[in-house]
Amino acid sequence: MVELEAAERRFIESMGLYFERRGGTRIGGRIYALLMLAGKPLSNKRIATLLNVSAASVSTNLRACTDMGLVEPASVPGDRQHYYVIHSQGWEGKLRVAEESLSAFGRLCSEALAVPRLAGNRSLREASAFCDFYKAELTGIAERWRAANAPRPPRPVKTSKGRTA
């Protein structure tokens, strides 16, 4: 990735705004978008250059993106720089992060419901029930995703004589 073209820059900026609207950082979204487009490991320095931001900002945001399971470190043989790529577990990994987040939130609500004074709280009961329901749905989604993206054996090819090759 030598230089970014206009369409790539628009995508990167749009992703930055998307992340920002969702409570993340704009630079985190821009880094994620850049790594999506790159398709190969990029160093902190290269990311900073391509996005025209400071190396410190890249480092801070890469750490946050790594913690969220969006990106992961990668190595390039013979090079001591730090490189990053999109997380290898892809979208299934994002489902797992969502499930972990819901589990933690649901656990907080359940623990609060165990306190006698809060046991009858309608909002806590609904939140806890919603988390249980959503986690069950996410499990089904992950299973359907795996099935839809499982490698399929090649289909037999018929020869001109009607035989299977």
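Thresholds applied
- Residues numbered from 1 in each chain as written.
- Predicted model: local features only at pLDDT ≥ 70, side-chain atom pairs only at ≥ 80, totals over all residues.
- Heavy atoms only, no water.
- Salt bridge = Lys/Arg side-chain N within 4 Å of Asp/Glu carboxyl O.
- Helix = DSSP H or I, 4+ residues; strand = E, 2+ residues; numbered from the N terminus.
- Pairing = 2+ DSSP bridges.
- Contact = heavy atoms within 4.5 Å.
- Axes fitted to C-alpha atoms, helices over the stretch in contact; angles between N-to-C directions.

A.B. asks: I would appreciate a short explanation of the pattern of salt bridges in the present structure.
C.D. replies: Two side chains with opposite charge may pair up if their charged atoms get near one another. Tallied over the entire structure, the rule returns three salt bridges. Of the charged contacts, one joins E20 and R26 as a salt bridge, the two residues approaching to 2.8 Å between their closest N and O atoms. Salt-bridge contacts for R122 lead to E126; the nearest nitrogen and oxygen are separated by 3.1 Å. Linking R122 with E126, this pair stays in helix α6 (residues 122-149), spanning four residues, or about one helical turn.

A.B. asks: Sorry, what's going on with the sheet that holds strand β1 (residues 42-43) here?
C.D. replies: What holds strands together in a sheet is hydrogen bonding between their backbones, with the strands either parallel or antiparallel. Reading across from one edge, β1-β3-β2 is the order of the three strands in this open sheet, with antiparallel pairing throughout. Of all strands in the sheet, those with a lone pairing partner are β1 and β2 (71-74), marking the two edges. With four bridges joining them, β2 and strand β3 (residues 83-86) adopt antiparallel strand pairing. The residue bridging V71 from the neighbouring strand is I86, located in β3. Docked against the sheet, helix α4 (residues 55-67) engages β2 and β3, running at close to 110° with respect to β2.

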